[in-house]
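Residue strings, one per chain:
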Amino acid sequence: ARLAGADPDRGALLVHGHLDVVPADAADWQVPPFSGEIRDGYLWGRGAIDMKDTVAVMLATARHFARTGTRPARDVVLAFLADEEAGGKFGAHWLVEHRPELFAGVTEAIGEGGGFSFAIDDTRRLYPIENAQRGMAWMELTATGRAGHGSSPNDENAVTDLAESLTRIGRETFPIRLIEPVRALLEEAARLYGVEFDEDDIEGTLERLGPVSDFMQVVLRNSANPTMFDAGYQTNVIPGKATARVDGRFLPGHEQELTDTIDRLLLPSVTREWVNHDIAMETTFDGPLVEAMCEAVRAEDPDGHPVPYCNPGGTDAKAFTHLGIRCFG
Ligand SMILES: [Zn+2]
């Protein structure tokens, strides 16, 4: 839907959310996961906070506009999307590719990522506002060797080669790369805690920050985790091939470093192929929209401190970045 703004010459604002949720096994739940049951003052259900709460806020705002005849300052495009949890191929990416006219004139977007708060102490809170995301590099590794009988010596065993490559990847510690949003977040957190921020000793800075630094650890560097392994069909048969999957993530500007590291760790008999590959993104933490979001936080919480935030994963924002839209959470 597009709500017409007072000034059609201003770039439009995209407000987007996803309607799909990850699966839920009812046996693991205290309430039926799709019942939307209200218990002890909370609404329970899969997707309640990811992200039907936000979608409800967006809808309530649009309804408020309609009921009060409020005209937004600029065009507002509302998009409620499918398939986000599986990468958005049939949701945001599909729309960007096949229906880009729906986003004509959009210059900025607000979607998922940030908005929750972290308590600094009893009175002050940090409010991350996402302006960056790590990129996604999910890969399949294939080791090719010499098939043979399990009782014979074999120095071209595909299972051995793949296992060794995966072990190297899983044990690799990627170097710290301080991108601007993370640096700004660390700096502000250090200031509020009254601890020293030492750019040359990030580990020490995190230690001084204590538990609040937990969610910053994951955006300090690239990462790659082996997650799946598939090989063989019988104990006494050495297979000629083995495959595995690795979940790789890279910081904005550090994709090549991830690829180079993986290739250095792989044994020569192992090849790599992308199964899901999507960009990292980063925009500056400035401008009227950022100022308006920070002001909105402070209006509700005078001791709230908005800070930039890099999402360790990804959202539909990646798709909209392809249209030249500045995306925020
Ligand atoms: Zn989500």
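Heads up: the structure comes first, above all this text.
The notes below deal with the structure included here.

Cut-off values and rules
- Residues numbered from 1 in each chain as written.
- Predicted model: local features only at pLDDT ≥ 70, side-chain atom pairs only at ≥ 80, totals over all residues.
- Heavy atoms only, no water.
- Donors = N, O, S within 2.8 Å, 3.2 Å for Na, K, Ca; no water.
- Tetrahedral: all angles 85-135°; square planar, octahedral: opposite > 155°, others 65-115°.
- Helix = DSSP H or I, 4+ residues; strand = E, 2+ residues; numbered from the N terminus.
- Buried < 20%, exposed > 50% of the residue type's maximum accessible area, 1.4 Å probe, protein only.
- Pairing = 2+ DSSP bridges.
- Axes fitted to C-alpha atoms, helices over the stretch in contact; angles between N-to-C directions.
- Contact = heavy atoms within 4.5 Å.
- Polar contact = N/O pair within 3.5 Å; in protein donor to acceptor, adjacent residues only side chain to side chain.
- Expected span 1.5 Å × (residues − 1).
- Phe/Tyr/Trp six-rings, centres within 6.5 Å; stacked < 30°, edge-to-face > 60°.
- Core = buried A, V, L, I, M, F, W, Y, C linked by side-chain atoms within 4.5 Å.

Moving on to the coordination of the zinc ion. The coordination sphere of the zinc ion contains the protein donors His18 (NE2), Asp50 (OD), Glu112 (OE) and Glu112 (OE), at a distance range of 1.8 to 2.6 Å. For the zinc ion, the four donor atoms in the first shell make angles of 55 to 135° at the metal, so the coordination geometry reads as irregular. Here the donor residues for the zinc ion map to a single chain with the spacing H-x31-D-x61-E. With Asp50 in helix α1 (residues 48-68) and Glu112 in the loop between β6 (106-110) and β7 (118-119), this residue pair connects regions lying 62 residues apart in the sequence. For Asp50, a relative accessible area of 30% puts it in the partly exposed group. On the basis of relative accessible area, Glu112 is assigned to the buried category, the value being 19%.

A separate point is the sheet that holds strand β2 (residues 12-18). Taking strand neighbours across the sheet as the criterion, the five strands line up as β1-β5-β2-β6-β17 in an open arrangement whose pairing is mixed. Of all strands in the sheet, those with a lone pairing partner are β1 (2-3) and β17 (326-328), marking the two edges. Pairing between β6 and β17: three bridges, direction parallel. Along β17, the bridge assignment pairs Ala109 with Cys327.

Judged by pairing direction, the sheet is antiparallel, and its four strands sit side by side in the order β11-β13-β9-β14 without closing on themselves. Each having just a single partner strand, β11 (223-231) and β14 (270-278) make up the two edges of the open sheet. Ignoring which end each strand starts from, the neighbouring axes of this sheet average 20° apart. Bridge count between strand β9 (residues 135-144) and β14: eight bridges; the pairing is antiparallel. Within β14, the residue paired with Met136 across the bridge is Asp278. In the packing of helix α3 (residues 158-171) onto the sheet, contacts are made with β9, β11, β13 (241-250) and β14, and the angle to β11 comes to roughly 160°. Its contacts with the sheet put helix α7 (residues 255-265) on β9, β11, β13 and β14, and the angle it makes with β14 is roughly 155°.

For the rest of this paragraph, the subject is the environment of Tyr127. Within the secondary structure, Tyr127 sits in strand β8 (residues 125-133). Spatially, the C-alpha atom of Tyr127 lies 5.9 Å from that of Val307, the residues being 180 residues apart in sequence. What Tyr127 contacts, discounting residues up to four positions off in sequence, is Gly115, Phe116, Ser117, Val297, Asp301, Gly304, His305, Pro306 and Val307. Polar side-chain contacts of Tyr127 include one of 2.6 Å to the side chain of Asp301.

Another point: α1. Given a rise of 1.5 Å per residue, 21 residues ought to cover 30 Å, and the 28 Å separating the end C-alpha atoms of α1 matches this to within 8%. Those residues of α1 hidden inside the fold are in contact with β2, β4 (42-44) and β5 (76-81). Note on α1: the residue one or two positions beyond its end, Gly69, has a positive phi of about 65°.

Time to look at the packing of aromatic side chains. One pass over the structure, following the stated rule, counts three aromatic pairs. Pairing Phe116 with Phe118 gives two aromatic rings, centres 5.8 Å apart and planes at 80°, and the pair type is edge-to-face. What makes Phe118 partly exposed here is its relative accessible area of 25%. Note on Phe116 and Tyr309: the rings are 5.9 Å apart at their centroids and 85° apart in plane angle, and the pair reads as edge-to-face.

A separate point is the nonpolar core. Among the nonpolar cores identified, the biggest contains 23 residues, and Leu126, Val182, Leu186, Met216 and Cys310 are the most heavily contacted of them. Among the elements that line this core, the one with the most residues is helix α4 (residues 180-193), at six residues. With near-sequence residues (within four places) excluded, Leu126 lies in contact with Phe116, Ser117, Phe118, Ile120, Glu188, Ala189, Leu192, Val212, His305 and Val307. Counting residues in each nonpolar core, the second largest holds 20 residues, with Ala143, Leu166, Ala242 and Leu265 among its members.

As a further point, take the side chain of Asn311. Checked against the element boundaries, Asn311 lands in strand β16 (residues 304-311). Within the local environment of Asn311, its side chain forms a polar contact with the backbone nitrogen of Gly313, the two atoms lying 2.8 Å apart. Those residues within four positions of Asn311 in sequence are excluded, and the remaining contacts are Gly113, Glu130, Ala132, Gln133, Arg134 and Val219.

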